[in-house]
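Listed below, chain by chain, are the residues.
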Amino acid sequence: MKVLIISVNRNRLPTLVLPAGACMAAEAASDSGHETRLIDFMFERSPALRLEPELKDFQPDVVGISVRNIDNNDIQSPVLFAEELLPAMKIIRERSSAVVVLGGPAISIMPEVFLNYTNADFAIAGNADPAFSRLLEKLAGKETPQNIPGVHERGKSGKGKGMDRTGPSPYSFRFPDFRAWVDWREYRSSMVSIPLKTKTGCEFQCVYCTYDTIDGGGRVLCDPAIVVEAVGKYSRHGFKNFEFVDNVFNSPYSHAMDVCEGIARSGIRAGFECMDVNPLHFDGALLGAMERAGFKGIGITIESASDPVLQGFKKGFASVHARKAAETIRRGRIPCMWFFMMGGPGETRETVEETLSFARERIRPGDPAYFTIGIRIYPGTALELLARDQGILAENAGGLLRPAFYVSPELDKAWLARRMKEEASRRMNFLIAGESGFAPSPWVLSLGRTLRMKPPLWRHIRPLRMGMRLLRIGG
Ligand code: B12
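These numbers were taken from a predicted model, which means no experiment stands behind them.

Draft legend 1. Layout of the nonpolar core. Core analysis: the biggest nonpolar cluster contains 88 residues, and Phe244, Phe282, Met290, Phe295, Ile298, Trp338 and Phe340 have the highest contact counts within it. Top element by residues in this core is helix 1 (residues 20-31). It accounts for 6 residues. Mapping this core onto the domain boundaries places at least three of its residues in each of domain 1 (2-163) and domain 2 (193-470). When near neighbours in sequence (up to four residues on either side) are disregarded, phenylalanine 340 contacts Ile302, Glu303, Ser304, Thr355, Phe358, Ala359, Ile363, Ala369, Tyr370, Phe371 and Thr372. Core analysis: the next-biggest nonpolar cluster, separate from the first, contains 33 residues, Phe58, Ala88, Ile107 and Ile214 among them.

Draft legend 2. Structural context of the layout of surface pockets. Within this model, the second largest pocket holds a volume of roughly 330 Å³. The wall of the second largest pocket is formed by 18 residues, among which Arg188, Met191, Asn241, Met453 and Pro455 lie closest to the centre. Going through the elements one at a time, helix 7 (184-189) and helix 17 (440-450) are the ones with two or more residues in the lining of the second largest pocket. No other element matches helix 7, which puts 4 residues into the lining of the second largest pocket. Here the residues of the lining of the second largest pocket are counted per class, giving 8 nonpolar, 5 polar and 5 charged.

Draft legend 3. Seen up close, the sheet that holds strand 9 (residues 271-277). With parallel pairing, the 7 strands of this open sheet are ordered in space as 7-8-9-10-11-12-15. Each having just a single partner strand, strand 7 (194-196) and strand 15 (430-432) make up the two edges of the open sheet. Adjacent strand axes in the sheet meet at a mean angle of 20°, parallel and antiparallel pairs treated alike.

Draft legend 4. Structural context of the sheet that holds strand 2 (residues 35-40). Here we have 6 strands laid out as an open sheet, ordered 2-1-3-4-5-6, and mixed in their pairing. Both edges of this open sheet fall to strand 2 and strand 6 (151-153), since each of them pairs with a single strand only. On average, each strand axis in the sheet is tilted by 20° relative to the strand beside it, whichever way the strands run. The sheet strands contacting helix 5 (residues 111-118) are strand 4 (99-103), strand 5 (122-124) and strand 6, and the helix crosses strand 6 at an angle near 35°. Against the sheet, helix 6 (residues 131-140) engages strand 1 (2-7), strand 3 (62-66), strand 4, strand 5 and strand 6, with an angle of about 155° to strand 5.

Draft legend 5. Inspection of the packing of helix 9 (residues 224-236) against helix 10 (residues 253-266) at higher detail. In contact at an axis separation of 9 Å, helix 9 and helix 10 are set at 40° when each is read in the N-to-C sense. By the angle class used here, helix 9 and helix 10 are oblique. As helix 9 runs across helix 10, the sense of the crossing is right-handed. When helix 9 is examined against helix 10, the residues Pro224, Val227 and Val228 are found in contact with a partner set consisting of His255, Asp258, Val259, Gly262, Ile263 and Ser266. Looking at the contact of helix 9 with helix 10 residue by residue, the classes come out as 5 nonpolar, 3 polar and 1 charged.

Draft legend 6. Structural context of the pairing of strand 1. With 5 of 6 residues buried, strand 1 lies mostly within the body of the structure. Taken together, the 6 bridges between strand 1 and strand 2 define a ladder with parallel strand orientation. Bridging from a neighbouring strand, isoleucine 6 pairs with isoleucine 39 of strand 2. At this point the chain moves from strand 1, through helix 1, to the parallel strand 2, and the crossover so formed is right-handed.

Draft legend 7. Structural context of the site of the ligand. Around the ligand sit 37 residues in total, of which Ser66, Ile70, Asn72, Thr210 and Tyr378 are the nearest. Here asparagine 9 contributes a side-chain N or O atom positioned 2.9 Å from an oxygen atom of the ligand. With 5 residues, helix 1 is the largest single contributor of residues to the shell around the ligand. Of the residues assigned to the shell around the ligand, the class counts are 18 nonpolar, 15 polar and 4 charged.

Draft legend 8. Geometry of the side chain of threonine 328. Position of threonine 328 relative to the elements: it lies in helix 13 (residues 319-331). For threonine 328, a relative accessible area of 7% puts it in the buried group. A distance of 2.9 Å separates a polar atom in the side chain of threonine 328 from the backbone oxygen of lysine 324. Dropping the residues within four chain positions of it, threonine 328 is found in contact with Phe282, Asp283, Gly284 and Leu287.

Draft legend 9. Just the pattern of salt bridges, in detail. A full pass over the atoms with the stated rule returns 30 salt bridges. Note that glutamate 153 is salt-bridged to lysine 156, the shortest N-O span being 3.2 Å. Judged by its relative accessible area of 56%, lysine 156 is exposed. The shortest N-O distance in the salt bridge between aspartate 177 and arginine 179 comes to 3.1 Å. Members of the salt-bridge network, linked through shared partners, are Glu353, Arg360, Arg419, Glu422, Glu423, Arg426 and Arg427.

Draft legend 10. Main features of the side chain of threonine 381. Its location among the elements puts threonine 381 in the loop between strand 13 (375-376) and helix 15 (382-389). Here threonine 381 is in contact with Val207, Tyr208 and Cys209, once residues within four sequence places are set aside.

Draft legend 11. Highlighting empty space enclosed by the protein. Applying the stated criterion across every chain, the model contains 2 cavities of 30 Å³ or more. Quantified by volume, the largest cavity comes out at close to 80 Å³. Taken together, Val8, Asn9, Arg10, Val67, Arg68, Asn69, Phe81, Ala82, Glu84 and Leu85 make up the full set of residues lining the largest cavity. Partitioning the lining of the largest cavity into residue classes produces 5 nonpolar, 2 polar and 3 charged. Roughly 50 Å³ of internal volume is contained in the second largest cavity.

Here is what the cut-offs are and how they apply
- Residues numbered from 1 in each chain as written.
- Predicted model: local features only at pLDDT ≥ 70, side-chain atom pairs only at ≥ 80, totals over all residues.
- Heavy atoms only, no water.
- Core = buried A, V, L, I, M, F, W, Y, C linked by side-chain atoms within 4.5 Å.
- Buried < 20%, exposed > 50% of the residue type's maximum accessible area, 1.4 Å probe, protein only.
- Helix = DSSP H or I, 4+ residues; strand = E, 2+ residues; numbered from the N terminus.
- Domains from an automatic or database assignment.
- Contact = heavy atoms within 4.5 Å.
- 1 Å grid on protein atoms, 1.4 Å probe; cavity = no way out; pocket = protein on both sides within 12 Å on 5 of 7 lines; lining within 4 Å.
- Points joined across faces, edges and corners; volume = space filled by probe spheres on them.
- Nonpolar A, V, L, I, M, F, W, Y, C, P; charged D, E, K, R; others polar.
- Pairing = 2+ DSSP bridges.
- Axes fitted to C-alpha atoms, helices over the stretch in contact; angles between N-to-C directions.
- Parallel < 35°, antiparallel > 145°, perpendicular 65-115°, else oblique.
- Left-handed = near helix turned anticlockwise from the far one by under 90°.
- Right-handed = clockwise from strand over helix to strand, strands pointing away.
- Near = heavy atom within 4 Å.
- Polar contact = N/O pair within 3.5 Å; in protein donor to acceptor, adjacent residues only side chain to side chain.
- Salt bridge = Lys/Arg side-chain N within 4 Å of Asp/Glu carboxyl O.

So, in structure tokens, the structure goes:
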């Protein structure tokens, strides 16, 4: 069959990302013997102008649409990316008779909601492999695709089918040749890093999280030797910047350690980042191994430094672990970005002040602290149930396609926004998600490109903000 994969993501904030999932789906289709093409909307001035001739020329039997983002996760200036699907769907339906299959993280979170929203034929929750290949096989044989784990068919879902996932498989660890699928030059000039997924599943049970759901539940670890081999292959192709996109990089600890030590031993000279380090399994030994491997930046997803809120989030660690992680980071050399979510269950004015003191006193002044206000509520999470119990979420929330946010009822939302803004205006390393007075990424990116800086560019946020303030640009 002829299979056309479309990556619809055009969002460049906070940083441009490669459409890894779309490339994996394309590779899965191609490896199953189908003639496969991929179109990536990222750099298209008009997606319609790219899609129409492609449909006419290629005449696909199946169109697979990869949907990464539902929205920008921002309570202050929400953007619903899902809407961008509708014009593409309209063109596909008007100009072809292809079967339309949806996939990607957004779809895995709410497959049925997206099927109804777009009128697509199938939605795959979980990994592209092996569900997509199996579905293609059935479609090629003109058979009815029944009971393929993870495959949802419009109008045919029985009770409970909504939670069906493909589950993790060895295919979760494809390391696609991006040069074969996307406009690599454009991505390289945007200083993009190569995403590396080395494990599925997550040991934590944070009340708001979708990660385990996206992966299909269950834990599979990629053999560290295979990860090192993939990095070696990419590096021979000239790629020098990598980002681990695991749910939590340092869980299990020993796997992260083996990956770092394997890279260090291999002698590969490259830069690495990961934005999801958990304070629980983090110490000087791991940080040392990360330094030896070539890590240039890490992110710690601490969310709060106050025990009642950490308990409310069910983070699985306490403020003592956050303090220990801060000490470890201080003793090391790697720049670190700290992520906080303000307004979670149990948050009060006192807990907000506790977290702010932590950020002021324990974080190195050059390390960014990134604060999100309000917590995006996803279907099927414990936070959804809590929000309903507390009357924060209406009974009919439309499947939560349109974002709804949790803010602790013990806190005044307007006060929280004001307090955070006030703090960020005093500290140049404090950033608030969606704060319109200061949008760091486009500035940092274009300046970084001009000055030929190396990633991660976020480590320059503080001096840049200070310079901008001197010049009276932005906040
Ligand atoms: C790592 C990560 C980041 C990193 C990305 C780094 C990088 N270099 O790529 C950073 C921190 C930069 C980031 C930023 C953002 N992220 Co993010 N991110 C993730 C994370 C943890 C992993 C994504 C990933 O790379 N996975 C690995 C790839 C290979 O897997 P995949 O894309 O899921 O593809 C698989 C399947 O989905 C499927 N598949 C994919 N496409 C297709 C197509 C077809 C046809 C089929 C059949 C199957 C299929 O098969 C693939 C292989 O198995 C996910 C959560 C998660 N666990 O998925 C959130 C996640 C994707 N991010 C999310 C969001 C919101 C964002 C931001 C908008 C946040 C913000 N406000 O800035 C930005 C957007 C960035 C952008 N430019 O688009 C949300 C999206 C949901 C939503 N609410 O919209 C997620 C799901 C987290 C969440 N809240 O639950 N992110």
